[in-house]
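Coordinate analysis (summary)
Each chain, written out:
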Amino acid sequence: MPAKRELTMRQLRHMLRLAHEGVSAREMGRRLGVARSTIQDNLKRATTAGVSWPLPEELDDAALEKRLFTHAGVKTGARRRVEPDWAELARELKRAGVNMMILWEEYRATQPEGYGYSRFCDLLRGFERRLTPVMRQHHAPGDKVFVDYSGKRIGIVNPATGEIREAEIFVAVLGASNLTYAEATWTQKLTDWTGAHVRMFRFFGGAPRLLVPDNLKSGVNKASFYDPEINRTYGALASHYGVGVLPARPRKPRDKAKVEAGVRFAQSYILGRLRRQTFFSLDECNAAIALAMEMMNGRTMRKLGVSRRELFEKIEREALSSLPEADWEYAEWKLSRVNIDYHIEVDGFFYSVPHALIHAEVDVRGTARMIEIFHRGQRVGLHERRYMGHRHGTDPDHMPSSHRRYADWTPDRFRRWAASIGPNTEGLIVAVLASRRHPEQGFRTCLGVLKLYRGVEPARAEAVSARALEIGALNCKSVVSLLARKPAAAAREDGPATLFDHANLRGPGYYH
């Protein structure tokens, strides 16, 4: 091991010149600002190495340092003590509860003349730094998974048109074992982003403690060093799997160096090895990516001497928490205001809430199967999602008359309002209410029809109502169409009107 050099190369040259001039060691120490013992030690080293003033011109600082501070009989870069298997120790250091003191004690138990603790730590850290130029973090097993999208895309051909559509590449890397998961998705939008996470957890067979995404909008609404705002749906996914979300700091690429390296390596395995293949569907592309990832995870890592899969099985699988029985299901959230018929609207279908919430603002969570309605964090309605059939989903528990806050909105009130215009209009309103499974489900349509008649001559309104009853046009859009026609044209028209409900009507507060 080379001795530690306490003087700069400029000071060493000055010392040799002063020694040649006959200056004493005490005086040289005073001039150079160092102890006399330091001067004496370096003069002895120069005598042993055969170095004296004047120095040859070809002897630069690097050559001079090599001659003065390299032990005789030891090659440059060689070490005099028996060394452990640094790759094995780097793998062991990833295990929970293992630290450098434990590894050093085990090393000295087999090599009593081995390195001291401080030198042992220096050499092990140096080996870890050589694994990757930016490796500065120690990742405990089961602690973090780094997720991101690759900046490069993979083309998929439409077999019918020949059009090439590019798919994104999602990559996830476990911190301790480097086990990598990748798949292609059409977009980076929330549905694809969260769906890739669900399949990633299934691939790992467990969940780590933390998710570390980049500041992608699908995961982070607002990037911040101190208080990042996590997307609500992404937060729900993390809560389902019992993991935390720790976004990488903005403009700090080393926070996610693990996934950056994984992305580059995955790109060579995916884009490089699959570049000559043509894919005609996303499923076909992902099947090929899965095979490429199997090869990548099974490949022996040169520095550590084991594959990602082997390292995962040894140190990280047991550290992951178990997955819930059911996969997380994607859901969309929206704000909605409860109408006077105590229903909210989602994609053209209507779902009931308790009467007490008329006019209240509620949160609506919609999945492919269910509609959940929340008010101030409490679930107040649960319905099976509708795609066809009756447009109203009404829970009978939501509609007892004794629980109504707005009892003045009743079928009788709508009949009286319509009768003030004329008998045909009254008949139309009665028919609308009778056409619904529950009369309250017709309140919205009744309000719309009666609003349309405001400012219309009663005779004209009566003629339109009579025609609507004749052709069975029991909705707002048909009444709008009949009002728009000239009276003579409307009288000659025999075909039925198009049946659609008017979806953008106001609540009872709109009418006076």
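Report follows, based on the coordinates. Per chain, the residues get numbers from 1 upward, laid out in the order the sequence is written. In keeping with the model being predicted, local features are shown solely for residues with a pLDDT of at least 70 and side-chain atom pairs are shown and tallied solely at 80 or more, while totals for entire chains, interfaces and linings include all residues. Each side-chain value is derived from all of the structure's non-hydrogen atoms; neither hydrogens nor water enter the calculation.

Let's talk about a positive patch on the surface
Residues enter patches when their relative accessible area tops 30% and they take part in no salt bridge; the joining distance is 9 Å for like charges and 5 Å for the nonpolar side chains Val, Leu, Ile, Met, Phe, Trp and Tyr. Accessible areas in this description were obtained via Shrake-Rupley with a 1.4 Å probe; residue shielding takes into account the shown protein chains only. Whenever Lys or Arg places a side-chain nitrogen within 4 Å of a carboxyl oxygen from Asp or Glu, that contact is recorded as a salt bridge. The charged-residue count follows a simple rule in which Lys and Arg add positive charge and Asp and Glu add negative charge, with His and chain termini not counted at all. The atom standing in for a charge is NZ when the residue is Lys, CZ when it is Arg, CG when it is Asp and CD when it is Glu. A cluster of basic residues, Arg129, Arg130, Arg273, Arg299, Arg302 and Lys303, forms a positive patch at the surface. Helix and strand definitions here come from DSSP, where helices need a minimum of 4 consecutive H or I residues and strands a minimum of 2 consecutive E residues; each element is numbered from the N-terminal end. As for its position among the elements, Arg299 is in the loop between helix 11 (282-298) and helix 12 (308-316).

Observations concerning the packing of helix 1 (residues 9-20) against helix 4 (residues 61-69)
Here an axis means a line fitted to C-alpha atoms, over the contact stretch when the element is a helix, while the angle between two N-to-C directions is reported on a 0 to 180 degree scale. Packing of helix 1 against helix 4 leaves a shortest axis separation of 11 Å and a crossing angle of 75 degrees. The orientation of helix 1 relative to helix 4 falls into the category roughly perpendicular. Between helix 1, through Met9, Leu12 and Arg13, and helix 4, the contact on the second element is made entirely by Asp61, Leu64, Glu65, Leu68 and Phe69. Grouping the constituent residues of the contact of helix 1 with helix 4 by class yields 5 nonpolar, no polar and 3 charged. Convention used here: angles under 35 degrees read as roughly parallel, angles over 145 as roughly antiparallel, angles from 65 to 115 as roughly perpendicular, and any remaining angle as oblique. We call two residues contacting when some pair of their heavy atoms lies within 4.5 Å. Think of it as three bins: nonpolar holds Ala, Val, Leu, Ile, Met, Phe, Trp, Tyr, Cys and Pro, charged holds Asp, Glu, Lys and Arg, and polar takes everything else, Gly as well.

Observations concerning the pattern of salt bridges
The final tally for this structure, using the stated rule, is 17 salt bridges. Notably, a salt bridge pairs Arg31 with Glu27, separated by 3.1 Å at the nearest N-O pair. Note that Arg31 and Glu27 are positioned in helix 2 (residues 25-32) at a spacing of 4 residues, about one turn of the helix. Each residue is assigned to one of three classes by its accessible area relative to the maximum for its type, calculated with a 1.4 Å probe on protein chains only: buried under 20%, partly exposed between the two thresholds, exposed over 50%. For Arg31, a relative accessible area of 46% gives the class partly exposed. Assessed through its relative accessible area of 22%, Glu27 is described here as partly exposed.

Remarks on the packing of aromatic side chains
Stacked, tilted and edge-to-face pairs are distinguished by plane angle, under 30 degrees for stacked and over 60 for edge-to-face with tilted covering the rest, among Phe, Tyr and Trp rings (Trp via its six-membered ring) whose centres lie within 6.5 Å. In the structure shown here, the tally under the stated rule is 14 aromatic pairs. Note on Phe414 and Phe443: the rings are 5.0 Å apart at their centroids and 45 degrees apart in plane angle, and the pair reads as tilted. Residue Phe414 is found in helix 13 (residues 411-419), and its partner Phe443 is found in helix 15 (residues 443-452); the two are separated by 29 residues along the sequence. What makes Phe414 buried here is its relative accessible area of 0%. Among the aromatic residues, those joined into a ring-pair cluster are Tyr149, Phe170, Tyr181, Trp193, Phe203, Phe204 and Tyr234. In this scheme, Lys NZ or Arg CZ marks a charge over a ring once it lies within 6 Å of the ring centre and within 35 degrees of the ring normal. The lysine or arginine in question, Arg165, covers the ring of Trp186, its NZ or CZ lying 4.1 Å from the ring centre.

Digging into the sheet that holds strand 10 (residues 343-346)
Two strands pair under a simple rule: DSSP has to find at least two bridges between them. Strand order in the open sheet made by the 3 strands is 10-11-15, with mixed pairing throughout. Edge positions in the sheet fall to strand 10 and strand 15 (392-393), since each of these pairs with one other strand and no more.

A word on the pairing of strand 12 (residues 361-366)
Bridge analysis of strand 9 (residues 332-337) against strand 12 gives 6 bridges, and the strand direction is antiparallel. Across the sheet, Lys334 pairs through a bridge with Val364, a residue of strand 12. Bridge analysis of strand 12 against strand 13 (residues 370-375) gives 4 bridges, and the strand direction is antiparallel. Among the inter-strand pairings, Asp363 is bridged to a residue of strand 13, identified as Phe374.

With respect to the sheet that holds strand 13
Strand pairing in a sheet relies on backbone hydrogen bonds. The paired strands run either parallel or antiparallel. Spatial strand order, 9-12-13-14: 4 strands in an open sheet with antiparallel pairing. Two strands in the sheet have a free side with no partner beyond their single neighbour: strand 9 and strand 14 (378-384). Strand after strand, the sheet turns through a mean of 25 degrees between neighbouring axes, direction not considered.

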